[in-house]
Amino acid sequence: MKKLICLFISLSITIGIICSFSISSYAASPIENIYINGQPIDFSEAERPYIQNDRTMIPLRAIAEALGATVYWFNTDKKIQIVRYDTTLRLVIGLPRLDIYKIDGEEQALKETVELDAPAFQGDITRDFRTFVPARAISEAFGADVNAKFVNDDEGKTDRAMNVYILDDYDETKENVVSIADLYDKKDIQDKTLISTVGIISKLDSKYYLQDENEPYKMIPITDIPEVENFWTEQLGVENNNPIGTKVKITTMVSLNNESGYSIPIKRAITGIRTIEKSNSSSPVVSNEDKTTATPKPSYENLFAD
C-alpha cells in the first residue's frame with residue numbers, strides 16, 4: 001500500500017512539473033503591445049506574443065501582413081514563404097535559419113542566410129497552431145528597425161512589461177505600379193516584368209480575372225492559382241473561399257503571350273497578394289459579349305520549387 005501511495009505521489013509530482021513547464025513556456029507574456037510605425041497590432045488571445053528563451057516570439061502572419069507582406073504556408077513540408085514585392089523570405093518549422101531572396105525575373109537570387117537564435121515554431125492547440133518567429137529576425141529581414149522599451153520605469157520590478165516598436169520605412173510608391181487598364185490595352189510592358197497592381201477579382205466561365213476598378217470591362221486573367229484547399233480564404237480572409245468582388249493588391253512577374261496578351265500569375269515564390277477591401281457582394285459580371293465590346297518530400301534546397 002505504501003508503495004502505491006509513493007508511486008501515486010511521484011506520478012502527481014511528475015505530471016505537475018510537466019504541466020507547469022507547458023504552461024510556463026507560454027507564460028503570461030511580458031510583451032504588452034507591438035507597434036508598427038506607431039500603430040498597435042491587434043492580437044487574439046492565441047496570437048499573444050511571448051518571451052521564450054529570452055527571445056520575443058511573435059505570430060508570423062499577423063506581423064508579416066502588417067508589414068504589407070504575403071505569407072504562404074506549405075503544410076506537408078512545414079515550410080513558409082513570405083513575399084513583399086521584390087523580397088522573399090523562406091523558413092522551415094524547426095530549422096534555425098532564414099533565407100532572404102531577391103526576386104529578379106522568375107529567378108530568385110539568394111541574398112543572405114541568417115542563423116536564427118530560435119527557429120520558427122508552430123504552437124499547440126492553446127495557440128491555435130499559429131506559427132511564431134523571432135520578432136527581430138523577420139522585421140530586420142525586411143529592413144525594419146526593432147526596439148523594445150519597458151512600460152514601467154521601476155527597475156526594482158523583475159516582471160516589467162515591455163512594448164516592442166517596429167519602424168518600417170518601406171516606400172510602396174517606389175514599386176513599378178501598372179494599372180489593369182494598361183495591361184488590357186497592351187501598353188509596352190515587357191514579359192516577366194515585376195509589377196504592382198490593384199484590381200477587383202471577378203470570375204467568368206470558371207476562370208478568375210482581375211478587373212480594373214475604374215473600367216471594369218477591362219480584365220486580365222489570373223493564372224497559376226495554387227491548387228490548395230481554401231486558398232482564397234487563407235490568403236484573403238474571404239468566406240467560403242469566394243474572392244469575387246474583393247479588391248486586392250498583387251505584386252508579381254507579369255506574363256505576356258503574343259496572342260492572348262497579359263496575364264497575372266500567382267506563384268508562391270514571387271507573388272504578393274493582399275486584401276485592400278472585402279466585398280459582401282460579387283463584382284459586376286462581365287459577359288464574353290461585353291468583354292469583346294470592351295511528390296515525395298524533397299530536400300531543403302528544393303522545398304520552394306513553386
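Going by the structure above, here's the rest.
None of the values given here were measured: they were computed from a predicted structure.

Chemist: It is not clear to me how the overall build of the chain should be interpreted in this structure. Could you clarify?
Modeler: Broken down by element type, the chain carries six helices and 19 strands. For the chain, the residues scored as buried account for 43% of the 306 residues in total. Carbon and sulfur atoms provide 49% of the accessible area of the chain, an area that totals close to 17200 Å².

Chemist: Mind showing me how you'd approach unusual backbone geometry here?
Modeler: Most peptide bonds take the trans configuration, and most residues that are not glycine carry a negative phi. Positive phi values are uncommon outside glycine, yet Asn240 reaches one of about 55 degrees. Inspection of the secondary structure assignment puts Asn240 in the loop between α5 (231-236) and β17 (247-257). Residue class for Asn240 comes out exposed when judged on its relative accessible area of 75%. A positive phi angle, close to 55 degrees, is found at Asn241, a residue other than glycine.

Chemist: Please explain the sheet that holds strand β6 (residues 79-84) as it appears in this structure.
Modeler: Across a sheet, strands are paired by hydrogen bonds formed along the backbone, either parallel or antiparallel in direction. Spatially, five strands are ordered β5-β6-β7-β8-β9 in an open sheet, and the strand pairing comes out antiparallel. One side of each edge strand has no neighbouring strand; the edge strands of this open sheet are β5 (70-74) and β9 (107-115). Along the sheet, successive strands turn relative to each other by an average axial angle of 20 degrees, direction set aside. As paired elements, β5 and β6 share five bridges and run antiparallel to each other. Bridge pairing in β6 places Phe74 opposite Lys79.

Chemist: Got a minute to help me understand the side chain of Gln108 in this structure?
Modeler: Tracing the sequence through the fold places Gln108 in strand β9. Of the polar contacts made by the side chain of Gln108, one reaches the side chain of Thr88; its length is 3.3 Å. When near neighbours in sequence (up to four residues on either side) are disregarded, Gln108 contacts Thr88, Arg90, Tyr101, Lys102, Ile103, Ala269 and Ile270.

Chemist: Help me understand the nonpolar core in this model?
Modeler: One recurring pattern in soluble globular proteins: nonpolar side chains tend to sit buried together. Residues Ile34, Leu60, Ile63, Ile82, Leu91, Leu98 and Ile166 are the most contacted members of the largest nonpolar core, which totals 33 residues. The next biggest cluster of nonpolar side chains, apart from the first, holds 30 residues, and it includes Ile180, Leu183, Ile222 and Val238.

Conventions and cut-offs
- Every chain is numbered on its own, with residues counted from 1 as its sequence reads.
- For this predicted model, a pLDDT threshold of at least 70 governs which residues receive local features, and a threshold of 80 or more governs which side-chain atom pairs are given and counted, while totals over whole chains, interfaces and linings are taken from all residues.
- The basis for every side-chain value is the complete set of heavy atoms in the structure, and neither hydrogens nor water enter the calculation.
- Segments assigned H or I by DSSP are reported as helices when at least four residues long, segments assigned E as strands when at least two residues long, and all are numbered from the N terminus.
- Only protein chains enter the accessibility calculation, which uses a 1.4 Å probe. A residue is then buried if its area is under 20% of the maximum for its type, exposed if over 50%, and partly exposed in between.
- Surface accessibility in these figures is a Shrake-Rupley result with a 1.4 Å probe; residues are shielded only by whichever protein chains are displayed.
- A pair of strands is treated as paired once DSSP finds two or more bridges between them.
- Note on geometry: axes are C-alpha line fits, over the in-contact stretch for helices, and angles between N-to-C directions span 0 to 180 degrees.
- Here a polar contact is recorded for every N or O atom pair within 3.5 Å, except that within protein the pair must consist of a potential hydrogen donor and a potential acceptor, and residues adjacent in sequence are included only if both atoms are side-chain atoms.
- Between two residues, a contact is recorded if the distance between any of their heavy atoms is within 4.5 Å.
- We call a set of buried residues a nonpolar core when its members are Ala, Val, Leu, Ile, Met, Phe, Trp, Tyr or Cys and they connect through side-chain atoms within 4.5 Å of each other.

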